[in-house]
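The primary structure of each chain is shown beneath.
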Amino acid sequence: MTPVKEILKTNARHVDSTRLWQSLMDLARLGATAKGGVCRLALTDLDRQARDLFVQWCEAAGCSVSIDAVGNIFARRPGRNPKLPPVMTGSHIDTQPTGGKFDGCFGVMAGLEVIRTLNDLGVETEASLEVVVWTNEEGSRFAPCMMGSGVFAGKFTLEDTLAKRDAQGVSVGEALNSIGYAGPRAVSGHPVGAYFEAHIEQGPILEDQAKTIGVVLGALGQKWFDLTLRGVEAHAGPTPMHLRKDALVGAAAVVEAVNRTALAHQPHACGTVGCLQAYPGSRNVIPGEVRMTLDFRHLEGEQLNAMIAEVRGVIEATCAKHGLSHELVPTADFPALYFDKGCVDAVRESAKALGLPHMDIVSGAGHDAIFLAELGPAGMIFVPCENGISHNEIENATPDDLAAGCAVLLRAMLAASEAIANGRLAA
């Protein structure tokens, strides 16, 4: 057997780039779209086929596979000391309706490639290694997103989650049973020695900065709201401008305020109005009601709250100015997160050892790692995606960048296993 320390002494990448790429392409055939993307919604038959393929590959690699009651799949490569908590990695294989080949799937296939590479090298780790497929990360068919990792981390109850229904009235529990992935394993109480998630960036920063590896420091806090502005519908011709109660004029002021406030709270601030509907929607009727969504994100909780307070002030002022009423309803609240310093350092040192251009970066999107970070030390590895495009059928990444991210993952997981064995990384 090759000692872990010998692997960590070299600057070789070890992973098989061709094998990793082929696994991604084989997985992408399940739900392939005409534009080159993937439509594989959670807990559909296509998802079952992808899960079956993952299980088949993991068992062929010598892993034991177990499935919990919300359908999360755990593939374990045993370590020398089974009493140690495992070093975990993973992501998801469900997609958006017009998704790409790499979002989520790269993290799962990179974990599998780590297992295969260690088998090739004859490496035995002290702690066991696990690759996980989390159920319904995207939230495209069933809400909320990050469902499987949320149940695992105790954020959502199993009972409530299994009762969630899709647009056709099918429940999560029914769908799990129909595809044969309602597993017997308990959804909680599983130890986490460390967790790493490899992922495409889903943004343009790494590509713009010509960096191969993003060392993810943390994830932006997110607060979402539904805003309704109400005025009075009236005829667009006979109603003088100064006597109107135009809800869309008020909405325009709010949109501008969201954008202005985010620009004023840089770095790491984002503000978005993603949906806006004006009613009644007739060209010669003054809009009497507007419904819109507000999405605020920041790495610092105080800054996030300050952004929201500023926009609230604009909402109240514009309603007073234009004779409107409003209703602002919170719909999501994810606190800002800093990943474990030991895991972040492991990713950074792995990139350095491999001679890969890297930079610190913050995740603007939600990932399963955010929930896992509450159970044990966690970190993330980003690699570039072409033009920063994701959640799109044209989503793309290069084989070299994906292999580089996988090589960093391998080294980080080995380093974490050694640290856990020596008591330097506490779960």
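The structure displayed is predicted, hence computed values, not measured ones.

Novice: Just to check I follow, could you spell out the overall build of the protein chain for this structure?
Specialist: Secondary structure assignment for the protein chain yields 13 helices and 16 strands. Expected size for 427 residues packed as a compact globule is a radius of gyration near 22 Å; at 24 Å, the protein chain falls within 12% of this value. Principal axes of the C-alpha set define a box for the protein chain whose edges measure 85 × 45 × 40 Å. Here the protein chain holds 427 residues, and the buried ones make up 53% of them.

Novice: For this particular structure, what's the right way to read the UniProt feature "binding site: Zn(2+) 2" (unreviewed entry) in the protein chain?
Specialist: UniProt records the feature "binding site: Zn(2+) 2" (unreviewed entry) at D103, E138 and H391, using the numbering of this structure. Spatial clustering of the annotated residues is evident: they stretch over 289 residues in sequence, but the largest pairwise C-alpha distance comes to 9.7 Å. Those annotated residues from the list above that line the largest pocket are D103, E138 and H391. Ignoring anything within four residues of it in the chain, the contact list for E138 reads H92, D94, T95, Q96, D103, C145 and H391. A distance of 2.8 Å separates the side chain of E138 from the side chain of Q96, its partner in a polar contact. Topologically, H391 is positioned in the loop between β16 (378–383) and α13 (399–421). Given a relative accessible area of 40%, H391 falls into the partly exposed group. Aside from chain neighbours lying at most four places away, what touches H391 is Q96, T98, D103, E138 and Q202.

Novice: Honestly, a nonpolar patch on the surface in this entry has me stumped. Any pointers?
Specialist: A cluster of nonpolar side chains, contributed by L248, V255 and L276, occupies part of the molecular surface with about 200 Å² of accessible area. Within the secondary structure, V255 is located in helix α9 (residues 247–264). With a relative accessible area of 33%, V255 lands in the partly exposed category.

Novice: Got a minute to help me understand the packing of aromatic side chains in this structure?
Specialist: A ring pair, where both rings are aromatic, is described by two values, the distance of the centres and the angle of the planes. Within the structure shown, the criterion is met by eight aromatic pairs. Ring geometry for F74 against F152: centres 5.7 Å apart, planes inclined by 40 degrees, an arrangement best described as tilted. Pair noted here: F74 is in strand β2 (residues 73–77) and F152 is in helix α5 (residues 147–152), with a separation of 78 residues, a long-range link. With a centroid separation of 6.5 Å and an interplanar angle of 50 degrees, the aromatic rings of F334 and F371 are classed as tilted.

Novice: What exactly am I supposed to notice about helix α3 (residues 45–60) here?
Specialist: The α-helix winds at 3.6 residues per turn, so residues separated by three or four positions along the chain end up facing the same way. Taking 1.5 Å as the rise per residue, α3 with 16 residues should run 22 Å; its terminal C-alpha atoms sit 22 Å apart, in good agreement. Taken together, the buried positions of α3 are D47, A50, R51, L53, F54, V55, W57 and C58. Buried residues along α3 sit against α2 (17–28), β1 (64–67), β2, α4 (105–121), β4 (129–133) and α7 (172–179). Positive phi shows up at G62, right after α3, with a value of about 90 degrees.

Novice: Where do I start with the packing of α2 against α4 in this structure?
Specialist: To describe two helices that pack against each other, one gives the angle between their axes and the distance between the axes. Remark: α2 packs on α4, axes separated minimally by 10 Å, with the N-to-C direction vectors making an angle of 140 degrees. Our classification of the angle between α2 and α4 gives oblique. When the axes of α2 and α4 are compared, the crossing they make is right-handed. Packed against α2, whose contacting residues are R19, L20, S23, L24 and L27, the element α4 presents C105, F106, M109, A110, E113, R116, T117 and D120 at the interface.

Novice: Even after reading the chapter, I still don't get the UniProt feature "domain: Peptidase M20 dimerisation" (unreviewed entry) in the protein chain, so can you show me in this structure?
Specialist: With numbering matched to this structure, UniProt assigns "domain: Peptidase M20 dimerisation" (unreviewed entry) to residues 221–321. Across residues 221–321 one finds 39% helix and 31% strand; the C-alpha atoms that close the span lie 32 Å apart.

Conventions adopted
Residues numbered from 1 in each chain as written. Predicted model: local features only at pLDDT ≥ 70, side-chain atom pairs only at ≥ 80, totals over all residues. Heavy atoms only, no water. Helix = DSSP H or I, 4+ residues; strand = E, 2+ residues; numbered from the N terminus. Rg over C-alpha atoms; globule rule 2.2 N^0.38 Å. Buried < 20%, exposed > 50% of the residue type's maximum accessible area, 1.4 Å probe, protein only. UniProt positions renumbered as here; feature names shortened; annotations may be inferred. 1 Å grid on protein atoms, 1.4 Å probe; cavity = no way out; pocket = protein on both sides within 12 Å on 5 of 7 lines; lining within 4 Å. Contact = heavy atoms within 4.5 Å. Polar contact = N/O pair within 3.5 Å; in protein donor to acceptor, adjacent residues only side chain to side chain. Patch = residues over 30% accessible without salt bridge, like charges linked within 9 Å, V, L, I, M, F, W, Y side chains within 5 Å. Areas by Shrake-Rupley, 256 points an atom, 1.4 Å probe, with all protein chains shown as cover. Salt bridge = Lys/Arg side-chain N within 4 Å of Asp/Glu carboxyl O. Phe/Tyr/Trp six-rings, centres within 6.5 Å; stacked < 30°, edge-to-face > 60°. Expected span 1.5 Å × (residues − 1). Axes fitted to C-alpha atoms, helices over the stretch in contact; angles between N-to-C directions. Parallel < 35°, antiparallel > 145°, perpendicular 65-115°, else oblique. Left-handed = near helix turned anticlockwise from the far one by under 90°.

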